[in-house]
Amino acid sequence: MAPTPSIPEAQWWLRQAKSDLQAAHNDIRHCCPNWVLFKVHQALEKALVAAILCHGEAFDVPMELVGLAQWLEAVEPKLRGLADEVKWLHGCGMDGKATQYPSYHPFPITPNEAFHSVDEEEVLKRVQGVLGRLQDHVGGM
């Protein structure tokens, strides 16, 4: 028996992803790039979950965002390039742990100090593009 897609649940997750992205946007240029990156990570994670739910997949085991994007690319060729976008964002520092915990950085650097060179606007622009693709995917199911 094939899994049943959960479009209403996917839309629910997508609404929260958009809210998280707005929260990241509100933090731009306020001397806290780690919070922008953390909120972007949260938004992207929720949008990827939404897209996966459209394929009737349950979400029990946590997976890295690149792995989620690769899974989506494998089942939906229209999403080709998604994993590369997520890799680029991860390379900018988008991470759920390194943006929050000092232990992910050499002593005495804190997460707030570690991401001072990130181009917050470019990160947000790229994430908005990815979320747009995922929103179109959810809407087309």
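Residues numbered from 1 in each chain as written. Predicted model: local features only at pLDDT ≥ 70, side-chain atom pairs only at ≥ 80, totals over all residues. Heavy atoms only, no water.

> Tell me about the packing of aromatic side chains, and name the residues and values.
Applying the stated criterion to the full structure yields 2 aromatic pairs. When the centroid spacing of 5.6 Å and the interplanar angle of 85 degrees are considered together, the rings of Trp35 and Phe38 count as edge-to-face. With Trp35 and Phe38 both in helix α2 (residues 33-53), this residue pair falls 3 residues apart, about one helical turn. Assessed through its relative accessible area of 37%, Trp35 is described here as partly exposed. The ring centre of Trp88 lies 3.8 Å from the NZ or CZ of Arg126, which sits over that ring. (Phe/Tyr/Trp six-rings, centres within 6.5 Å; stacked < 30°, edge-to-face > 60°. Helix = DSSP H or I, 4+ residues; strand = E, 2+ residues; numbered from the N terminus. Buried < 20%, exposed > 50% of the residue type's maximum accessible area, 1.4 Å probe, protein only. Lys NZ or Arg CZ within 6 Å of the ring centre and 35° of its normal.)

> Give me the lowdown on the side chain of His41, citing residues and values where you can.
With respect to the helices and strands, the residue His41 is situated in helix α2. Given the relative accessible area of 12%, His41 is considered buried.

> Give me the lowdown on the environment of Asp27, citing residues and values where you can.
You can see Asp27 is positioned in helix α1 (residues 7-27). Separated by 12 residues in sequence, Asp27 and Lys39 have C-alpha atoms that sit 9.2 Å apart. With near-sequence residues (within four places) excluded, Asp27 lies in contact with Cys32, Trp35, Val36, Lys39 and Glu120. (Contact = heavy atoms within 4.5 Å.)

> Can you lay out the packing of α1 against helix α6 (residues 120-139) for me, pointing to particular residues and giving the numbers?
One way to put it is that α1 packs onto α6 with a least axis distance of 11 Å and a crossing angle of 165 degrees. Regarding the angle of α1 to α6, the classification is roughly antiparallel. Crossing angle aside, the handedness with which α1 passes α6 is left-handed. Between α1 and α6, the residues in contact are Ala10, Gln11, Leu14, Ala17, Lys18, Leu21, Ala24, His25 and Asp27 and Glu120, Leu124, Val127, Gln128, Leu131, Gln135 and Val138, respectively. Looking at the contact of α1 with α6 residue by residue, the classes come out as 9 nonpolar, 4 polar and 3 charged. (Axes fitted to C-alpha atoms, helices over the stretch in contact; angles between N-to-C directions. Parallel < 35°, antiparallel > 145°, perpendicular 65-115°, else oblique. Left-handed = near helix turned anticlockwise from the far one by under 90°. Nonpolar A, V, L, I, M, F, W, Y, C, P; charged D, E, K, R; others polar.)

> Describe the environment of Asp119, naming the residues involved and giving the relevant values.
Here Asp119 shows up in the loop between α5 (111-114) and α6. The exposure class of Asp119 is partly exposed, given its relative accessible area of 47%. Separated by 36 residues in the primary sequence, Asp119 and Ala83 have C-alpha atoms spaced 20 Å apart.

No statement about biological role is implied by the geometric values presented.
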